[in-house]
Amino acid sequence: MREHYLLPEISRPGRIGCTLPSLDVPSSDLPPADSLREELRIPEVSEVDLVRYFTALSKLNYGVDSGFYPLGSCTMKYNPKWHEDVSRLPGFAALHPYQPEDSVQGALELMYRLQEYLTEVTGTNATSLVPVAGAHGELAGLFMVKAYHEDRGDRSRKKILLTDSSHGTNPASVAMCGLDTGIVASDDKGDLDLKSLESMMTEEVAALTLTMPSTLGLFDPKIAEISRLVHERGGLLGGDGANLNAILGQAKFGELGFDYVQLNLHKTFSTPHGGGGPGSGPLCVRENLVDFLPTPLVSEDNGRYGFVSPAKTIGKIAGFYGNFSVLVKAYAYALSLGPDGLKRISEDAVLNANYIKEKLKAYYHLPYDRTCMHEVVFSGKKQKAKGVATLDIAKRLLDYGLHPPTVYFPLIVSEALMTEPTETESRETLDNYIASMKEIAKDAEENPEILHSAPRNTPVRRLDDARAFRQLDLRWEMNGQKE
Ligand SMILES: Cc1ncc(COP(=O)(O)O)c(C=O)c1O
């Protein structure tokens, strides 16, 4: 059956898709003719055509509810629908941020408890729920780093060290904060190179930001030494905690020596990641930074909840109190899992990634052959030598009905293929992915053309995405006329 993707294509003059109720207000004349558009090209379709059109459109969308989505560094796990229901309860969803505190005690209690919970999970001393994305939490963390050093009368520290495997938001946050970036190399095991750090950790360095586990999916066993070195030289250790899914309930950022860390609730705590939806990047800090947290925090005094401002706060970084619906989902998720469930998340996420690693390492080059955490980074360089690019592999996966892994990131792995299966996938789903990747590896050897011309089974073939970025124009054109 042919599916209709374009509504005007199925339009026929006089067809109507709805029945209007009889008029229950006084009728009035149309505005003067010269105020009316001559040709308002509204598609004319029947109800069934319209239903089919939208149903066909909805099927074009690929999401975690349609299939496996191993997009590394994004933690595209399945989020239980029940938490969506909870966040939509009218007692939460219909609140107004200007309501008097007395009338929103339940919401404040939830926020307070979530603050306490995330503080506990990260082994820190306080948490701000205000940042509305991971990058926003990173930026707020850097504002605090600046304020912390200035408060100590040290104005010379203007540099933030990052690693060469950092997520792109890390340098962007540094630039937005008006600081300079220094890049510390990784060693041949994929960990931070201590010698490089030692030579770069000068008196102008305000902090080192470390992603833990890294975007290579690796836990750096030298973390205690790194923390000691950074602190001995007067710097702070900041954590990009977006990969919390890997260490939930197993290791705590505060105990590993981090002074602050941002989390991505929209990765780990039951809010879908991506699609432009609301996110949340809470900032958890050790004692030395508590006074600098963004305002407001939620406080509790004898069972009454209210807002307080930390003594030396960096100020307001977002409207009101953060993305409340995401906080509700996170709290519901935490309660429904309990402490044991939380540990199972990281155990299963790590197990799944290692399962894929072991099953595919004979087929794809594995630059760091060691136990990985929540994700495994392969390189397509074997296939590249046969003229098949990593992009071809990713596009071919679409023909198997699978979302590809992240490609060409982290930048230090050539032809990178970064697979993050998450804990919510079954053995069968993983096996299906593994089998597909094996077939693709075989085709790269024997039938590369099928990869060069992929995808073949998708509604549109390979797109010129570089041009789409540069000349973003989302309007539809019919016979040269823009709609
Ligand atoms: C390691 C890492 N850091 C930072 C971020 C940025 O988070 P956000 O997209 O919420 O700004 C991400 C996003 O997934 C990430 O994977």
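Further up the page is the structure itself.
All figures in this text were calculated on a predicted structure; none of them were measured in a lab.

### A short note on the overall build of the protein
Then, number 1: The helix and strand inventory of the protein stands at 17 helices and 14 strands.
Then, number 2: Based on the C-alpha atoms only, the size of the protein along its principal axes is roughly 80 × 70 × 45 Å.
Then, number 3: Each of the 483 residues in the protein was classed as buried or not, and the buried ones make up 49%.
Then, number 4: Within the protein, residue pairs in contact and separated by at least 24 positions form 69% of the contacts whose partners lie at least 6 positions apart.
Then, number 5: Looking at the protein as shown, the accessible area adds up to about 23,900 Å², and 53% of this sits on carbon and sulfur atoms.

### Observations concerning unusual backbone geometry
Then, number 1: Following Met-212, the chain continues to Pro-213 via a peptide bond in cis, the omega torsion being -10°.
Then, number 2: With respect to the helices, strands and loops of the structure, Pro-213 is situated in the loop between strand S4 (205-211) and helix H9 (223-232).
Then, number 3: For the bond from Phe-409 to Pro-410, the omega torsion is 0°, close enough to zero to count as cis.
Then, number 4: Note that Pro-410 resides in the loop between strand S11 (406-407) and strand S12 (416-419).
Then, number 5: We note that Ser-73 has phi near 75°; this positive angle belongs to a residue other than glycine.
Then, number 6: As for its position among the elements, Ser-73 is in the loop between helix H2 (47-60) and helix H3 (81-87).

### Examining the side chain of Asn-264
Then, number 1: Within the fold, Asn-264 resides in the loop between strand S6 (260-263) and helix H11 (265-268).
Then, number 2: Contacts of Asn-264, omitting those with residues within four sequence positions, involve Gly-134, Gly-241, Ala-242, Phe-269 and Ser-280.

### Quick word on the sheet that holds strand S3 (residues 180-184)
Then, number 1: In space, the 7 strands of this open sheet follow the order S1-S7-S6-S5-S4-S2-S3, with mixed pairing throughout. Two strands lie at the open edges of the sheet, namely strand S1 (126-128) and S3, each paired on one side alone. Going from strand to strand, the sheet's axes swing by 25° on average, the running direction of each strand aside.
Then, number 2: Across the sheet, helix H6 (residues 134-151) lies against strand S2 (159-163), S4, strand S5 (236-241), S6 and strand S7 (283-285), angled at about 165° from S6, the strand it touches most.
Then, number 3: Lying over the sheet, H9 contacts S4 and S5, oriented at roughly 135° with respect to S5.

### Describing the pattern of salt bridges
Where charged atoms from two side chains of opposite charge come close, those side chains can pair.
Then, number 1: Taken as a whole and assessed by the stated rule, the structure comprises 26 salt bridges.
Then, number 2: Between Arg-88 and Glu-84 there is a salt bridge; the shortest N-O distance is 3.3 Å.
Then, number 3: Taking the shortest distance from any N to any O, the salt bridge between Arg-233 and Glu-198 comes out at 3.9 Å. Of this pair, Arg-233 sits in the loop between H9 and S5 while Glu-198 sits in helix H8 (residues 194-200), and the two are 35 residues apart along the sequence.
Then, number 4: Since its relative accessible area comes to 30%, Arg-233 is described here as partly exposed.
Then, number 5: Connected through salt bridges with shared partners, the residues Lys-357, Glu-358, Lys-361 and Asp-369 form a single ionic network.

### A few points about a nonpolar patch on the surface
Then, number 1: Taken together, the side chains of Phe-54, Leu-57 and Leu-60 present a nonpolar region at the surface, about 250 Å² in accessible area.
Then, number 2: Among the secondary structure elements, Phe-54 is positioned in helix H2.
Then, number 3: Classification of Phe-54 by relative accessible area gives partly exposed; the value is 47%.

### Some remarks on the pairing of strand S8 (residues 297-301)
Then, number 1: Note that S8 and strand S9 (residues 304-308) share 5 bridges and pair antiparallel. Across the sheet, the residue bridging to Val-298 is Phe-307, located in S9.
Then, number 2: Remark: 2 residues form the turn of the hairpin made by S8 and S9, two consecutive strands paired antiparallel; Asn-302 in that turn has positive phi of roughly 55°.

### Section: the nonpolar core
Then, number 1: One finds Leu-114, Leu-118, Leu-197, Leu-208 and Phe-269 to be the most contacted residues of the largest nonpolar core, which totals 56 residues.
Then, number 2: Where this core is concerned, the elements lending two or more residues are helix H5 (105-122), H8, S4, H9, helix H10 (253-256), S6 and helix H12 (324-360).
Then, number 3: When residues of this core are assigned to their parent elements, the largest contribution, 12 residues, is made by H12.
Then, number 4: Excluding residues within four positions of it along the chain, Leu-114 makes contact with Leu-129, Leu-265, Leu-327, Ala-330 and Tyr-331.

### What about the packing of H5 against H12?
Then, number 1: The contact between H5 and H12 brings their axes to 10 Å, and the two run at 50°. One element, H5, and the other, H12, form an angle in the oblique class. Crossing angle aside, the handedness with which H5 passes H12 is left-handed. Facing H5, whose interface residues are Ala-107, Leu-110, Met-111, Arg-113, Leu-114, Tyr-117 and Val-121, H12 presents Phe-324, Leu-327, Val-328, Ala-330, Tyr-331, Ala-334 and Leu-342.

### Some words on the site of the ligand
Then, number 1: With respect to spatial proximity, 14 residues lie near the ligand, and among them Ser-73, Gly-134, Ala-135, Asp-240 and His-266 are the closest.
Then, number 2: Here a nitrogen atom of the ligand and a side-chain polar atom of Asp-240 are 2.6 Å apart.
Then, number 3: Within the side chain of Lys-267, one N or O atom sits 2.9 Å away from an oxygen atom of the ligand.
Then, number 4: Contact with the protein chains covers 89% of the free accessible surface of the ligand, which is 400 Å².

Rules behind the numbers
Residues numbered from 1 in each chain as written. Predicted model: local features only at pLDDT ≥ 70, side-chain atom pairs only at ≥ 80, totals over all residues. Heavy atoms only, no water. Helix = DSSP H or I, 4+ residues; strand = E, 2+ residues; numbered from the N terminus. Buried < 20%, exposed > 50% of the residue type's maximum accessible area, 1.4 Å probe, protein only. Contact = heavy atoms within 4.5 Å. Areas by Shrake-Rupley, 256 points an atom, 1.4 Å probe, with all protein chains shown as cover. Pairing = 2+ DSSP bridges. Axes fitted to C-alpha atoms, helices over the stretch in contact; angles between N-to-C directions. Salt bridge = Lys/Arg side-chain N within 4 Å of Asp/Glu carboxyl O. Patch = residues over 30% accessible without salt bridge, like charges linked within 9 Å, V, L, I, M, F, W, Y side chains within 5 Å. Core = buried A, V, L, I, M, F, W, Y, C linked by side-chain atoms within 4.5 Å. Parallel < 35°, antiparallel > 145°, perpendicular 65-115°, else oblique. Left-handed = near helix turned anticlockwise from the far one by under 90°. Near = heavy atom within 4 Å. Polar contact = N/O pair within 3.5 Å; in protein donor to acceptor, adjacent residues only side chain to side chain.

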